Amino acid sequence: VQLQASGGGLVQTGGSLRLSCAASESTSSINAIAWYRQTPGNRRELVAAVSSGGSADYADSVKGRFTISTDNAKNTVYLQMNSLKPEDTAVYYCSADRSDGGSLYHYWGQGTEVTVSS
């Protein structure tokens, strides 16, 4: 599975951005797609994830502000980010987990940078 992330940019505090993660395969065949973020010197942290069944989970720090959604017709997963804060500044990565032949495979897309100015 190849993943193409886009939509990052510079936004002021309180603003919104929508990140997109386009998959090379049908999103309905992927077990779960997630967004992670990473800042320099820190580990990559899970932001939000959605399963093929539509169940979504969020990090506590983004609950109520971020929404993850899937458009299976476009094989794309979105991360709508509202009420952005400077601490949301990071490189955001999308990932996918897909099972095949009894094994689970994990894929990463390239990052898209989000900068929230104070």
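Anyway, here's the lowdown on the structure attached to this text. (Residues numbered from 1 in each chain as written. Predicted model: local features only at pLDDT ≥ 70, side-chain atom pairs only at ≥ 80, totals over all residues. Heavy atoms only, no water.)

Overview of the overall build of the protein
Here is step 1: Along its length, the protein carries zero helices and 11 strands.
Here is step 2: Listed by position from the N terminus, the elements making up the protein come as β-β-β-β-β-β-β-β-β-β-β.
Here is step 3: Relative to a compact globule of 118 residues, whose C-alpha radius of gyration would be 13 Å, the protein shows 14 Å and is just as compact.
Here is step 4: Across the 118 residues in the protein, those meeting the buried criterion constitute 38%.
Here is step 5: When contacts within the protein are restricted to residue pairs at least 6 apart in sequence, long-range pairs at least 24 apart make up 53% of them.
Here is step 6: For the protein, the centre of its 9 positive side-chain charges and the centre of its 10 negative side-chain charges are spaced 3 Å apart. (Helix = DSSP H or I, 4+ residues; strand = E, 2+ residues; numbered from the N terminus. Rg over C-alpha atoms; globule rule 2.2 N^0.38 Å. Buried < 20%, exposed > 50% of the residue type's maximum accessible area, 1.4 Å probe, protein only. Contact = heavy atoms within 4.5 Å. Lys, Arg positive; Asp, Glu negative; His and termini not counted. Charge placed at Lys NZ, Arg CZ, Asp CG, Glu CD.)

Some words on the state of the cysteines
Here is step 1: Taken as a whole and assessed by the stated rule, the structure comprises one disulfide.
Here is step 2: In this model, Cys21 is linked to Cys94 through a disulfide, with the two sulfur atoms separated by 2.2 Å. With the S-S dihedral at roughly 70 degrees, the linkage between Cys21 and Cys94 falls on the right-handed side. Here Cys21 is found in strand β3 (residues 17-23), whereas its partner Cys94 is found in strand β9 (residues 90-100), with 73 residues between them in sequence.
Here is step 3: Using a relative accessible area of 1% as the deciding quantity, one classes Cys21 as buried.
Here is step 4: Note on Cys94: relative accessible area 0%, which makes it buried. (Disulfide = S-S within 2.5 Å.)

Side note on the packing of aromatic side chains
Here is step 1: Counted by the stated rule, this structure contains two aromatic pairs.
Here is step 2: Ring geometry for Tyr36 versus Trp108: centroids 4.9 Å apart, planes at 65 degrees, classification edge-to-face. Taken together, the residues Tyr36 in strand β4 (residues 32-38) and Trp108 in strand β10 (residues 103-108) connect sequence positions 72 residues apart.
Here is step 3: Looking at Trp108, the relative accessible area reads 38%, which means it is partly exposed.
Here is step 4: Ring geometry for Tyr93 versus Trp108: centroids 6.4 Å apart, planes at 85 degrees, classification edge-to-face. One end of the pair, Tyr93, is in strand β9; the other, Trp108, is in strand β10, with 15 residues separating them in the sequence. (Phe/Tyr/Trp six-rings, centres within 6.5 Å; stacked < 30°, edge-to-face > 60°.)

Points about the side chain of Ser20
Here is step 1: With respect to the helices and strands, the residue Ser20 is situated in strand β3.
Here is step 2: Dropping the residues within four chain positions of it, Ser20 is found in contact with Gln4, Ala5, Ser6, Trp35, Thr76, Val77 and Tyr78.

Considerations on the nonpolar core
Taken as a class, soluble globular proteins show a tendency for nonpolar side chains to be buried jointly.
Here is step 1: Grouped together as the largest cluster of nonpolar side chains are 29 residues, with contacts concentrated most on Leu3, Trp35, Val47, Phe66, Leu79, Met81 and Tyr92.
Here is step 2: Dropping the residues within four chain positions of it, Met81 is found in contact with Gly15, Ser16, Leu17, Leu19, Arg65, Phe66, Tyr92 and Val114. (Core = buried A, V, L, I, M, F, W, Y, C linked by side-chain atoms within 4.5 Å.)

Some thoughts on unusual backbone geometry
Here is step 1: With a phi close to 50 degrees, Asn75 is a non-glycine residue in the positive phi region.
Here is step 2: As for its placement among the helices and strands, Asn75 is situated in the loop between β7 (66-71) and β8 (76-81).
Here is step 3: Of note, Ser83 is a non-glycine position whose phi angle comes to about 50 degrees, a positive value.
Here is step 4: You can see Ser83 is positioned in the loop between β8 and β9.
Here is step 5: Residue class for Ser83 comes out partly exposed when judged on its relative accessible area of 41%.

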